[in-house]
Amino acid sequence: MTDRRPATIKDVAASAGVGIATVSRVFSGTGSVSAATRERVLAAARALDYRPSALGRGLKLRRGGGIGLIVPDVTDPFCAALVAGVLACARTFGEHVIVDAADGDPAREAEIVERLAEQRVGGIIAMPAGDEADWRGAARVCSSVVFAGRALQEPPGPSGAPDVPSVLADDAGGVRAVTEYLAGLGHRRIAFLGAVPGGPPRVRERAFRATLAQLGVPVEEDLVVAARPARDAAYAAAAGLLQRRGDVTAVLAADHLLGEAAVLVARELDLRVPADVSIAMVDDVAWAELCDPPLTAVARPGHDIGYRACELVLREPARRGRGGPVLLPTELVVRGSCGPPRAQRRRSRGNPAD
């Protein structure tokens, strides 16, 4: 019994009913191919277990091939989901992925970008930490650069960041939904734990402020607290807030590190959740459902963001739109960590008719 020979590009073309050139365009990401034809070619390739030659594609395109992927921290739950999405898409296209972590350090990120450009990868997907990397130069060396999960702040800097396509979660919509939910429960003294000035774009803080303004709820500057993206800094920010302002009835944390800190500090101060303080956060990580009570959170589609960003990198440049970022919807997951504020509970107990 002889081993079955590996499928060739000619086999895929025959199975899909297209020419060899069309199959080549699908797997190289060059030229124009309709969505229906692309799906037919990919289905035929999967059925035949076809593995395109990365070396051959690299020689034809005069690049090393592959995709460079830069995230702040591969152990972070959102980053891990994003990486999984990129890998899933890359496997579909027969591409390999080089993953590196910048640890939130713009200088380290710039070194990684330079190294990937020297290797002449086909494209770079990044959750950028800052504008020190030469993003415009990187896009000239490889075929494309796409930001995923985060984009750089405007106005444009020397990196030419606004020219870089991005795939993002609708963070503003998610924060708006959870802020409206807390206000609808009766909360008026809502604290916000967010990012430090000059850090990643503060879309969430802006959405928090705008939503309260639309609802006619005054924003108390003392209740908007910034923290660096580290556990010790998050804990210090949450402790300082809840010790300084005992009248806070709800806390909205801008990410899961800050949410974790808020839960820990509330426990140490013997604050009951949600009887004494309601807590909600952005990012629905696994431990949120295991809290007591389970934590209300805004779920962000990390896997889908990674998958869509990879698709964008592998398309020809002419087909990548410049009309703004691709926004994927978030979802408010309501759990037991939020309830009416303390004063409203006291009124309800004192007046059974309420």
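### Some thoughts on unusual backbone geometry
A negative phi angle characterises most non-glycine residues, just as the trans form characterises most peptide bonds. Cis geometry marks the peptide bond from V273 to P274, where omega comes out at 5°. Among the secondary structure elements, P274 is positioned in the loop between α11 (256–268) and β9 (278–282). The amide bond that connects D292 to the next residue, P293, takes the cis arrangement and shows omega of 0°. By the secondary structure assignment, P293 is in the loop between β9 and β10 (296–299).

### A look at the nonpolar core
Judged by nonpolar contacts, the single largest core of 45 residues is most densely connected at L193, F208, L241, V251 and L252. Within the second largest apolar cluster, 25 residues are counted, among which are L82, V146, A169 and I305.

### So, the packing of aromatic side chains
The full count for this structure, using the stated rule, is 1 aromatic pair. Geometrically, the ring pair formed by F192 and F208 is stacked, given 4.9 Å between the ring centres and 25° between the ring planes. Of this pair, F192 sits in strand β6 (residues 190–195) while F208 sits in helix α9 (residues 203–215); the two residues are 16 residues apart in sequence, bridging distant segments of the chain. Each member of the pair, F192 as well as F208, carries the same accessibility label: buried. Taking NZ or CZ as reference, R300 lies 4.0 Å from the ring centre of F78, over its face.

### Regarding the side chain of T296
As for its placement among the helices and strands, T296 is situated in strand β10. The exposure class assigned to T296 is buried, which follows from its relative accessible area of 0%.

### Looking at the pairing of β6
With respect to burial, β6 is a largely interior element, 5 of its 6 residues being buried. As defined by bridge partners, β6 adjoins strand β8 (residues 250–253) across 4 bridges and the pair is classed as parallel. If you follow F192 over to β8, its bridge partner there is L252. For β6 and strand β7 (residues 224–227), the ladder comprises 4 bridges, and the chain directions are parallel. Of the residues in β7, the one forming a bridge with L193 is V225.

About the thresholds
Residues numbered from 1 in each chain as written. Predicted model: local features only at pLDDT ≥ 70, side-chain atom pairs only at ≥ 80, totals over all residues. Heavy atoms only, no water. Helix = DSSP H or I, 4+ residues; strand = E, 2+ residues; numbered from the N terminus. Core = buried A, V, L, I, M, F, W, Y, C linked by side-chain atoms within 4.5 Å. Buried < 20%, exposed > 50% of the residue type's maximum accessible area, 1.4 Å probe, protein only. Phe/Tyr/Trp six-rings, centres within 6.5 Å; stacked < 30°, edge-to-face > 60°. Lys NZ or Arg CZ within 6 Å of the ring centre and 35° of its normal. Pairing = 2+ DSSP bridges.

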